[in-house]
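Analysis of the macromolecular model
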Amino acid sequence: MSGKPKLHYFNGRGRMESIRWLLAAAGVEFDECFLETRDDLLKLQKSGTLLFQQVPMVEIDGMKMVQTRAIGNYIAAKYNLYGKDLKERALIDMYVEAIIDLDELLMMYALQPADKKEQYLANIVDKATNRYFPVYEKVLKDHGQDFLVGNQLSRADVQLLEALLMAEEYKSDILAKFPLLQSFKARISNVPTIKKFLQPGSQRKPPLQEKDLPKVMKIFNLGH
Amino acid sequence: MSEKPRLIYFNGRGRMESVRWLLAAARVEFEEIFLDTREQYVKLIKDGSLMFQQVPLVEIDGMKMVQTRAILSYIAGKYNLYGKDLKERAFIDMYVEGITDLMHMILMFPFSPPEAKEKNLALITERATHRYFPVFEKALKQHGQDFLVGNQVSWADIQLMEVILAVEEKTPAVLSAFPQLQAFKTRMSNMPAIKKFLQPGSPRKPPPDDHYVSTVLKVLAEE
């Protein structure tokens with residue numbers, strides 16, 4: 001029996017991508033089991049392995065963990081990506097929670113009706129450049145350190161890099177006004193485990209293609 | 001300078017209520033500042049007090065904490081309501097996250113359009129009785145202990161108590177098929193700190209009404 005964590009999700013980013021990033025950054029190899037059809041999800045639900053009948057689900061250390069944040073918390077703490085004390089954890093949590101809010105915005109773009117997409121994109125860019133990015137730019141500026149919290153790599157850095165790269169997929173020059181985030185992006189991308197994850201052939205998933213949207217909607221029974 | 005935590009939010013439940021529950025259960029006295037006007041809110045933003053321009057805001061231990069989960073995690077960690085090791089924390093997190101999903105439906109309910117309210121109410125009841133409550137009923141039945149995780153009170157128990165009462169306000173007989181949860185509710189109600197919180201005059205807020213909804217919309221200038 002493999003000791004590696006096993007991820008259950010569809011073959012795409014969604015809510016599992018930040019878990020893939022975190023495991024990769026921690027240098028932890030993992031297996032993946034992809035849901036291809038709605039039946040795959042129903043089967044998993046019937047087997048009683050999904051605590052609240054939802055994915056993501058990660059088999060790790062004898063547990064069948066669900067709830068993205070719970071999984072992320074566990075991995076971060078286990079692999080020393082959660083700061084050294086309660087106060088550092090508080091900062092990491094604040095930063096990560098906001099990044100999750102931004103990720104949700106980005107994720108929901110694909111589900112917008114065609115005539116609403118342009119306005120939605122404008123909202124994403126507005127929130128990213130006026131609400132979220134300035135905070136992290138300032139944090140880096142104020143302490144002048146390489147990482148967001150406690151002068152060492154943490155989950156906050158990993159999640160921020162993920163969000164920066166995703167935002168750039170929507171608007172390639174979205175970091176134009178944020179020099180420190182640009183250098184942060186280069187620096188964290190060069191962390192060996194992360195560099196490896198950013199190379200082709202890794203378990204990082206591509207953005208959702210329009211053509212794949214119907215399949216995803218079907219698996220999760222969305223939009224009916 | 002007061003050492004008590006200070007909560008800044010609307011005078012109502014919303015996202016801050018879970019923080020009030022947790023602090024009360026931990027026997028931590030706190031102060032509250034209520035947002036009634038847009039001017040107060042704009043001033044907080046201009047002062048730089050709101051990291052992401054959002055409330056809840058909790059001033060605690062020299063920090064201006066935002067993001068509800070970050071605040072709750074900190075309080076749980078500080079006051080020994082987060083289990084004794086990583087694995088217990090994992091279970092507490094899973095339970096809390098599930099409860100938060102249900103709480104979120106209740107939180108958003110007063111803001112849904114009138115024509116959607118009946119459907120949303122039915123969904124809350126359906127999710128509670130088929131997705132969430134069975135999990136906690138089973139957990140309590142399987143280990144036979146008083147609390148959800150690790151045989152001591154944790155953040156998960158307090159959140160479960162909060163959501164049970166919130167759903168009961170909408171569907172009074174919702175626990176009828178859940179004897180373990182009924183006993184759990186009685187047990188938790190009798191814990192001194194929670195008993196005190198459930199009495200009139202405590203910081204516990206009443207269910208949201210029209211005035212609360214219009215205040216929130218006005219302060220946040222949401223369309």
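Throughout this description, residue numbers start from 1 for each chain and increase along the sequence as written. Throughout, the order in which chains and ligands are written sets their labels, letters from A for the former and numbers from 1 for the latter. pLDDT decides what is reported in this predicted model: residues at 70 or higher carry local features, side-chain atom pairs at 80 or more are listed and counted, and totals for whole chains, interfaces and linings draw on all residues regardless. The basis for every side-chain value is the complete set of heavy atoms in the structure, and neither hydrogens nor water enter the calculation.

1. Describing the pattern of salt bridges
Pairing of side chains with opposite charge becomes possible as their charged atoms draw close. Note the cut-off: Just to be clear on terms, a salt bridge is a Lys or Arg side-chain nitrogen sitting within 4 Å of an Asp or Glu carboxyl oxygen. Counting from the N terminus, the helices are DSSP H or I runs at least four residues long and the strands are E runs at least two residues long. Exposure categories follow from relative accessible area, calculated using a 1.4 Å probe and restricted to protein chains: below 20% of the type maximum is buried, above 50% is exposed, and the middle band is partly exposed.
Evaluation of the coordinates by the stated rule reveals 35 salt bridges over all chains. Where A:K205 meets A:E32, a salt bridge forms, and the shortest distance between an N and an O atom there is 2.7 Å. Here A:E32 lies in strand β2 (residues 31-35) and A:K205 lies in the loop between α8 (192-197) and α9 (213-219), a separation of 173 residues in the sequence. Its relative accessible area of 19% is what places A:E32 among the buried residues. As a salt-bridge pair, B:E31 and B:R6 come within 4.0 Å of each other at their nearest N and O atoms. Placement of the pair is B:E31 in strand β2 (residues 31-34) and B:R6 in strand β1 (residues 6-9), with a sequence separation of 25 residues.

2. Things to note about helix α3 (residues 68-78) of chain B
Every α-helix winds through 3.6 residues per turn, so residues three or four apart in the chain are directed the same way. Residue and element names in this part refer to chain B. Burial analysis of α3 places 9 of its 11 residues in the buried class, which makes it a mostly covered element. When we look at burial in α3, the residues that qualify are T68, R69, A70, I71, L72, S73, Y74, I75 and A76. N80, located one to two residues past α3, shows a positive phi value of around 60°.

3. Focus: the sheet that holds β2(A)
Residues and elements named next belong to chain A. To keep things clear, this is the line we draw: Strand pairing is assigned whenever DSSP detects at least two bridges linking the two strands. Note on geometry: axes are lines fitted to C-alpha atoms, helical ones only across the stretch in contact, with angles between N-to-C directions running from 0 to 180 degrees. By definition, residues are in contact when any of their heavy atoms lie within 4.5 Å.
Spatially, the 4 strands line up as an open sheet ordered β2-β1-β3-β4, and their pairing is mixed. What marks the edges here is a single partner per strand, and that holds for β2 and β4 (63-66). Taking each pair of neighbouring strands and ignoring which way they run, the sheet shows an average axis angle of 20°. Relative to β4, strand β3 (residues 57-60) is paired through 4 bridges, and the arrangement is antiparallel. When the sheet's bridge partners are listed, I60 is paired in β4 with M63. Along the sheet face, helix α1 (residues 17-25) touches β1 (6-10), β2 and β3 and points at about 150° away from the line of β1.

4. Focus: the packing of helix α5 (residues 114-143) of chain B against helix α6 (residues 155-170) of chain B
Residue and element names in this part refer to chain B. The test is simple: For any helix crossing, the convention is left-handed if the near helix is rotated counterclockwise from the far helix by under a right angle, and right-handed if that rotation is clockwise.
Direction vectors running N to C along α5 and α6 enclose 145°, while the axes themselves pass 11 Å from each other. Once α5 is placed against α6, the crossing between them reads as left-handed. Touching L121, I124, A128, F133 and F136 of α5 are L160, V163, I164, V167 and K170, all from α6.

5. A look at the UniProt feature "domain: GST C-terminal" (unreviewed entry) in chain B
What counts is decided by this rule: UniProt positions are given in the numbering used here, feature names are shortened, and annotations may be inferred rather than shown by experiment.
Taking the numbering used here, the UniProt-annotated feature "domain: GST C-terminal" (unreviewed entry) corresponds to residues 85-209 of chain B. Structurally, residues 85-209 of chain B is divided into 70% helix and 0% strand, and its ends, taken at the C-alpha atoms, are 41 Å apart.

6. Structural notes on the pairing of strand β4 (residues 63-66) of chain B
Residues and elements named next belong to chain B. As defined by bridge partners, strand β3 (residues 57-60) adjoins β4 across 4 bridges and the pair is classed as antiparallel. Along β4, the bridge assignment pairs I60 with M63. Count of turn residues in the β3/β4 antiparallel hairpin: 2 residues, of which D61 carries a positive phi of about 50°.

7. Quick look at the sheet that holds β2(B)
Residues and elements named next belong to chain B. An order of β2-β1-β3-β4 is seen for the 4 strands of this open sheet, with the pairing classed as mixed. Only two strands of the sheet have a single neighbouring strand rather than two, namely β2 and β4. The average angle at which neighbouring strand axes cross in this sheet is 20°, direction not considered.

8. A word on the environment of B:F111
All names here are of chain B. Relative to the assigned elements, F111 resides in the loop between α4 (86-108) and α5. Distance from F111 to S214, taken between C-alpha atoms, is 9.4 Å for residues 103 residues apart in sequence. Excluding residues within four positions of it along the chain, F111 makes contact with Y212, V213, V216 and L217.

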